[in-house]
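One-letter residues, chain by chain:
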Amino acid sequence: MEILKIKKKGKKYQVEMTNEMVYLWHEDVMIKYQIFKPKMQISEEKLQLIIKDNEFYLAFDKALNYLNVMHSKRQVENYLRKTFDYNIVKKVINRLEELNYLNEKEFAKAYLYECFKNHKGPNLIKENLILEGINRDIVEEISALYTDEMEKEACNKAYLKQMNSYKKESYN
């Protein structure tokens, strides 16, 4: 097969082939396989490798965009499984963990402090972390960070918030 046309579209390239197919390939795939200009010949085997690698790069980019806000490993897996097959998802998850973009301990710690700001107690936080698929050892370790002082402060804030809502209701 021969490449007829290459057209840049953001971080992707639209590649038109003699088999009457048009592919959208990630720029990293174009570089890896040194696809720089039309008239290049590509075997069917190489095309299948390119398609498989392209799927990984597309999934990886999608995961990075999703991780702009911190998510658990389970959340990222579920998000990617809507679009990509199991093997690609596992490969992307492993790469994200290698790069430390996906870290269950850091997620749990951030979740703890976010819940604390929203007046949530330690038992609810533990339960939610376990439901998110966080390892129980990590949950216990992170739960130890939630001090008695923090719990008292969260209770006081929740109490004051409730009292303020009663005051507003009594004026209406």
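Coordinates for the structure precede this section.
This one's a predicted model, so the numbers in the text were calculated from it and none came from an experiment.

Thresholds applied
- Residues numbered from 1 in each chain as written.
- Predicted model: local features only at pLDDT ≥ 70, side-chain atom pairs only at ≥ 80, totals over all residues.
- Heavy atoms only, no water.
- Pairing = 2+ DSSP bridges.
- Helix = DSSP H or I, 4+ residues; strand = E, 2+ residues; numbered from the N terminus.
- Core = buried A, V, L, I, M, F, W, Y, C linked by side-chain atoms within 4.5 Å.
- Buried < 20%, exposed > 50% of the residue type's maximum accessible area, 1.4 Å probe, protein only.
- Contact = heavy atoms within 4.5 Å.
- Phe/Tyr/Trp six-rings, centres within 6.5 Å; stacked < 30°, edge-to-face > 60°.
- Lys NZ or Arg CZ within 6 Å of the ring centre and 35° of its normal.
- Axes fitted to C-alpha atoms, helices over the stretch in contact; angles between N-to-C directions.
- Arc of directions from axis to C-beta.
- Polar contact = N/O pair within 3.5 Å; in protein donor to acceptor, adjacent residues only side chain to side chain.

Peer 1: Quick one: what's the story with the pairing of strand 1 (residues 3-9), residue by residue and with numbers?
Peer 2: Here strand 1 pairs with strand 2 (residues 12-17) via six bridges, running antiparallel. Note that in strand 2 the partner of I3 across the bridge is M17. The hairpin turn running from strand 1 into strand 2, its antiparallel successor, is two residues long, and G10 in that turn takes a positive phi close to 70 degrees.

Peer 1: Let's hear about the nonpolar core: which residues, and what values?
Peer 2: In terms of nonpolar packing, the biggest core is built from 27 residues, with M17, W25, I35, I42, V76, V92 and L96 touching the most fellow members. Taken together, the elements giving at least two residues each to this core come down to strand 2, strand 3 (22-26), helix 1 (27-32), helix 2 (44-66), helix 3 (73-81) and helix 4 (86-98). In this view, W25 contacts K11, K12, Y13, V15, M17, M30, I35, I42, L47, I50 and N54; residues no more than four positions away in its chain are not counted. Counting 14 residues, the second-largest nonpolar core is a separate cluster that includes C115, F116, L129 and I142.

Peer 1: Describe the packing of aromatic side chains, with residues and values.
Peer 2: Within the structure shown, the criterion is met by five aromatic pairs. Measuring from centroid to centroid gives 5.5 Å for F56 and Y57, while their planes differ by 70 degrees, and the two rings are edge-to-face. In this structure F56 comes out as buried when scored by relative accessible area, which is 11%. Seen in terms of ring centroids, Y66 and Y79 are 3.9 Å apart; in terms of plane orientation they differ by 5 degrees. Their pairing is stacked. With Y66 in helix 2 and Y79 in helix 3, this residue pair connects regions lying 13 residues apart in the sequence. Relative accessible area serves as the criterion here: at 22%, Y66 is assigned to the partly exposed category. Directly above the ring of Y79 sits K62, whose terminal nitrogen or CZ lies 5.3 Å from the centroid. In this structure, K91 packs its charged tip against the face of F56, placed 4.9 Å from the ring centre.

Peer 1: Tell me about the sheet that holds strand 2, and name the residues and values.
Peer 2: Taken in spatial order, the three strands of this open sheet run 1-2-3, and their pairing is antiparallel. The open sheet has two edge strands, strand 1 and strand 3, and neither has a second partner. Going from strand to strand, the sheet's axes swing by 25 degrees on average, the running direction of each strand aside. Packed on one face of the sheet, helix 2 meets strand 2 and strand 3 and runs near 55 degrees to strand 3.

Peer 1: Please give an account of unusual backbone geometry that cites residues and values.
Peer 2: You will see that Q34, though not glycine, has its phi angle at about 50 degrees, which is positive. You can see Q34 is positioned in the loop between helix 1 and helix 2. Since its relative accessible area comes to 54%, Q34 is described here as exposed. For K39, which is not glycine, the phi dihedral falls at a positive 80 degrees. Of note, K39 is situated in the loop between helix 1 and helix 2.

Peer 1: So what's going on with helix 7 (residues 136-143)? Which residues, and what values?
Peer 2: Every buried residue of helix 7 is listed here: I138, V139, I142 and S143. One side of helix 7 holds all its buried residues, which, seen down the axis, span an arc of 130 degrees. Seen from the open side of helix 7, the exposed residues pointing more than 90 degrees away from its buried face are R136 and D137. Those residues of helix 7 that are buried lie in contact with helix 5 (104-117) and helix 6 (122-131). In this structure N135 caps helix 7, since a side-chain oxygen of it lies 2.7 Å from the backbone nitrogen of D137.

That is the geometry; function is a separate question.
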